[in-house]
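# Examining the three-dimensional arrangement
Listed here are the chains, written in short residue letters.
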Amino acid sequence: MSPARQPPLVTGISPNEGTPWTKVTIRGENLGSGPNDLSGLSICGHNCLLTAEWMSASKIVCRVGPAKDDKGEIIVTTKSGGRGTSTVSFKLLKAEKIGILDQSAVWVDEMNYYDLRTDRNKGISPLSLRPANPLNIDIDTGGKIPQKDLESMFPGMSGDFTSENFSATWYLIENHSGTSFEQLRLAVGNLKKQASRKNEGSLAYVKGGLSTFFEAQDALAAIHQKLESDGTEKVEGSMTQQLERILNKASDTADTLFQEVLGRKDKADSTRNALSVLQRFKFLFNLPLNIERNIQKGDYDVVINDYEKAKSLFGNTEVPVFKKVYAEVETRIRALRNLLLDKLLETPSTLHDQKRYIRYLSDLHAPGDPAWQCIVAQHKWILRLMQSCKEDFIKEQRVGGVGLESDGESRSSALSRISHTASLKRGSILQTPRDDSWRSKSPQQVRFVEKLSDVVISQLPNFWKLWISYVNGSLFSETGEKAGQVEKLRKNARQRQNDFRGMIEEVTRRLVMLVRGALLPSSLYEQDKRLYGGWDTNVSLTGAWLTQIIHTVRLSHEALSALEIPNDLLQVIQDLLLDLRVHCLLVTLQLTAEDVKRLPEKEDWHVDNEGITALPALFEHCMVQMLQSLKEPMECKPGEVNIFQLDVAQEQACELCVGIMKEFINCLEQLSTKTDGDLDTSHASVDLASPEVFGSFHEHFGPSPEQRFLISLSNCQYLERHTFLNLAEHLEKHGFTTAEKITRVSIEAVRELDERLFESYIEKKSDPIVGSLEPGIYAGYFDWKDCLPPTGVRNYLKEALVSIISVHAEVFTVSKELVPRVLSKLIEAVSEETCRLMQCVSSFSKNGALQARLEICALKDAVEPYLTSESQANFKQALEALPQLQSGADKKLLEELLNTFKSSMQFQLNCFQSSSVQPIKR
């Protein structure tokens, strides 16, 4: 058996420090008996056996690997001696980083560059390599100064040392604001070393790789020696040729073996490059799909922002793939423009949506002027709404049905809201909105005007606000961005002011023409009637409905005026209001005349204490109610004209008012002249006198013709003295400038009727009495020449007085005020007849003269309170026609007979004496 060997012992290493892959020489004892005996070699914990070259039992050459430890032992292991020990150590230095531009004598793996910025190996592009810590000291990461402050301190400079505008001060403040002075001094030394290393240039490069050069030189020399010793006389050729064949064969074999692998590598590289491009420019490649998704979700702002970004980055690109993708983006943006334009022109739409779509189209640089297109479309739509409103109501009128309100009429209309607001502001002067029952009962024209006004009030304000936003530029940019583009659009808007003015004028004109076609067709030309008319002309509206229409049109005018629309554009509405007010006045007066014609139907012939019936009061109430209904239409709102200042309206109103008065007077005349068969006494409740005073009259029957005359006379007097004067005050109070003329003509007319009725009544009552005088005088062949002495007043005179008393009772029953007037006129007729009869007597005897004087004096004394100057003159002429009394006895006899007559008929004659009313001289 051979003696046991000692374990290896390392006593020296040269050099004793170095970077990984440094070639070192190890010396010691028992390092192995040969290369095959060496089973292990580690330096600083890294196995270096692969690079070890055994030289002798005391010497080994190897390369240091990339060990983890900075300093460690050199351990040699042999098969014969086992694991050894070491008395020395090796210090591993950090490997020098080799950049892309540094010279190197060894092979550098280009696929795994060392990233100096992160201080670790990383597969990155060589172009992105930049030294992250040129001072080679620790970077202070705490207490950094904000980037904005550094930019303000160093304007135009940069802290990046690869930049052309590099500022060392900025770099030190940003990365080494808390570094100590000693560390900075060490950094200066590092910079100097780097500078000196760069200055050495190729010499340093040769020094560092000298052994490599020697090895390469030895290898090249051996190859050269082999080639020189090679002869060309060999059959198989020279070594060079053989080497060439071998290399070519090896190349072909390698190509055959690795063709698929290399192809996959090329494909993988191209795929990797494509993925890299896709990853880097994924915004552009994903943009078409993102645009479609955002359009479907309605996120138009996101689409616009992405498009602006893509346009700024790739709008002018020359890369084919980018151009292709950007063309897809443009295609989708064009589709978005068309979609937004369709939504913009879609009706109905809110002002908010219109502004939003216009701003989107402006940001997308849509061709043309979308804002003006929207204004034109809205204008046409408003006109269509107005025209269709008229057609719908005309269709409903023809079928006779009540139309259903469209567009959610359950909600309060714009007109109702404005009316309610206006009523609050004015103290509820304006009428409040009606309920649904009123709406269902209202005529078609009234509901049409309300619906039409509601359409205008609900649509025109947004239309006007859209124009205002268009003019001032807020429609395109609320923040004032893109001032150049906004100013250009505002300039376009100012150039279209006349066109928009024409649109507003057309809308207001269409409103006026449609209302005129429904209410005032006579104010339209024939061609306009065909376009705006078509309503049933047999349907006429009352003054109350016309007042409601005026109220509606006024609300519309106020709502449009509040928008600050120029007054000249709203003048057509003012003209319409004026015509409607005049029309309402005339219609109300005409309908009042019709109502007055029906007043006789309400005559019940019930006489009050003043001798009048309820007819005058009914007439006055009808007139006052008519004036009250005209209060709102006649009221002059701001900017309106007083219709009574118009000559035509003033004359027509005066004529109609006079016609109403005369119509009522005609009613009185018809009532007074009606026969019993013409009267409807079914509803009459007449109580002209109590049964004790006027027993011949029964309350179940109507008044007699004479009583109707008297009642009509009493009513005429009341009209003249009270009713017409009261109406004059009301007319003046309500603005009728012709009240005085109306009153004067009315009083003249009632006086004419009064005279006719009075003459007719007197004629009817006086004729029998006057006619009975002459037969009564000459009854029994009486002769004034041959008669007996008078013994008293004859019966014919007593009968005449009784007839006069019956007339007195009849008149007194109706009206005390009529008694003096009637009896005075009746006595005038009797006195005139008496005078005529006396003057016709050729001669009187003494007894005849005394008898005539007795009867004339008895008649005169009996009716003394009702004698007029004319009747007194008649009695005087009658007495003068008689011979004078000569003897005192005759006078005494005359006086005694007169006293006897008065005492005997005292009860009958008291009716004449009790009247305290003075005779009326007409």
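Structure: above.
## Overview of the pattern of salt bridges
Applying the stated criterion across every chain yields a total of 14 salt bridges. Among the ionic pairs, Glu-215 bridges to Lys-23, the shortest N-O distance being 3.5 Å. One end of the pair, Glu-215, is in helix H5 (residues 210-229); the other, Lys-23, is in strand E3 (residues 23-29), with 192 residues separating them in the sequence. Between Arg-496 and Asp-369 there is a salt bridge, with its nearest N and O atoms 2.8 Å apart. Linking Arg-496 in the loop between helix H15 (483-495) and helix H16 (497-519) with Asp-369 in the loop between helix H10 (351-363) and helix H11 (370-399), this pair joins segments that are 127 residues apart in sequence. Under the relative-accessibility criterion, Asp-369 is labelled buried at 10%. In this structure, a network of salt bridges that share partners links the residues Lys-23, Arg-63 and Glu-215.

## Some details on the packing of aromatic side chains
This model, assessed by the stated rule, comprises 10 aromatic pairs. An angle of 35 degrees between the planes, with centres 5.1 Å apart, marks the rings of Phe-463 and Phe-500 as tilted. Here Phe-500 lies in helix H16 and Phe-463 lies in helix H14 (residues 444-472), a separation of 37 residues in the sequence. By the ring-pair criterion, three or more aromatic residues cluster together here, those being Trp-372, Phe-463, Trp-464, Trp-467 and Phe-500.

## Quick look at the sheet that holds strand E10 (residues 85-86)
With mixed pairing, five strands are arranged side by side in an open sheet as E6-E7-E3-E1-E10. The open sheet has two free edges, formed respectively by strand E6 (53-56) and E10, since each of these has just one partner strand. As paired strands, E3 and strand E7 (residues 59-63) are joined by five bridges and run antiparallel to one another. Counterpart to Thr-25 in the pairing with E7 is Val-61.

## Observations concerning helix H29 (residues 888-904)
With 17 residues, H29 extends 24 Å from end C-alpha to end C-alpha; this agrees with the ideal 24 Å at 1.5 Å per step. If you check which residues of H29 are buried, you get Asp-890, Leu-894, Leu-897, Leu-898 and Phe-901. Down the axis of H29, the buried side of the element spans an arc of 100 degrees, and every buried residue falls inside it. Seen from the buried face of H29, the exposed residues on the opposite side, beyond 90 degrees, are Gly-888, Ala-889, Lys-892 and Glu-895.

## Some thoughts on the packing of helix H9 (residues 320-345) against H10
For the pair H9 and H10, the least separation of the axes is 9 Å and the interaxial angle reads 155 degrees. For the element pair H9 / H10, the angle class is roughly antiparallel. Crossing of H9 against H10: the hand is left-handed. On H10, the residues touching Arg-337, Leu-340, Leu-341, Lys-343 and Leu-344 of H9 are Gln-354, Tyr-357, Ile-358, Tyr-360 and Leu-361.

## Section: the nonpolar core
The biggest cluster of nonpolar side chains holds 186 residues, and the ones touching the most others in it are Met-386, Phe-619 and Met-838. If one sorts the elements of this core by residue count, helix H24 (residues 739-777) sits on top with 15 residues. Of all hydrophobic cores here, the second largest spans 19 residues; its members include Val-10, Ile-60, Ala-67 and Val-76.

## Examining a nonpolar patch on the surface
Together, Val-206, Leu-210, Phe-213 and Phe-214 line one region of the surface with nonpolar side chains, adding up to about 330 Å² of accessible area. Mapped onto the fold, Leu-210 is located in helix H5. Overall, Leu-210 belongs to the partly exposed group, its relative accessible area being 38%.

Analysis parameters
Residues numbered from 1 in each chain as written. Predicted model: local features only at pLDDT ≥ 70, side-chain atom pairs only at ≥ 80, totals over all residues. Heavy atoms only, no water. Salt bridge = Lys/Arg side-chain N within 4 Å of Asp/Glu carboxyl O. Helix = DSSP H or I, 4+ residues; strand = E, 2+ residues; numbered from the N terminus. Buried < 20%, exposed > 50% of the residue type's maximum accessible area, 1.4 Å probe, protein only. Phe/Tyr/Trp six-rings, centres within 6.5 Å; stacked < 30°, edge-to-face > 60°. Pairing = 2+ DSSP bridges. Expected span 1.5 Å × (residues − 1). Arc of directions from axis to C-beta. Axes fitted to C-alpha atoms, helices over the stretch in contact; angles between N-to-C directions. Parallel < 35°, antiparallel > 145°, perpendicular 65-115°, else oblique. Left-handed = near helix turned anticlockwise from the far one by under 90°. Contact = heavy atoms within 4.5 Å. Core = buried A, V, L, I, M, F, W, Y, C linked by side-chain atoms within 4.5 Å. Patch = residues over 30% accessible without salt bridge, like charges linked within 9 Å, V, L, I, M, F, W, Y side chains within 5 Å. Areas by Shrake-Rupley, 256 points an atom, 1.4 Å probe, with all protein chains shown as cover.

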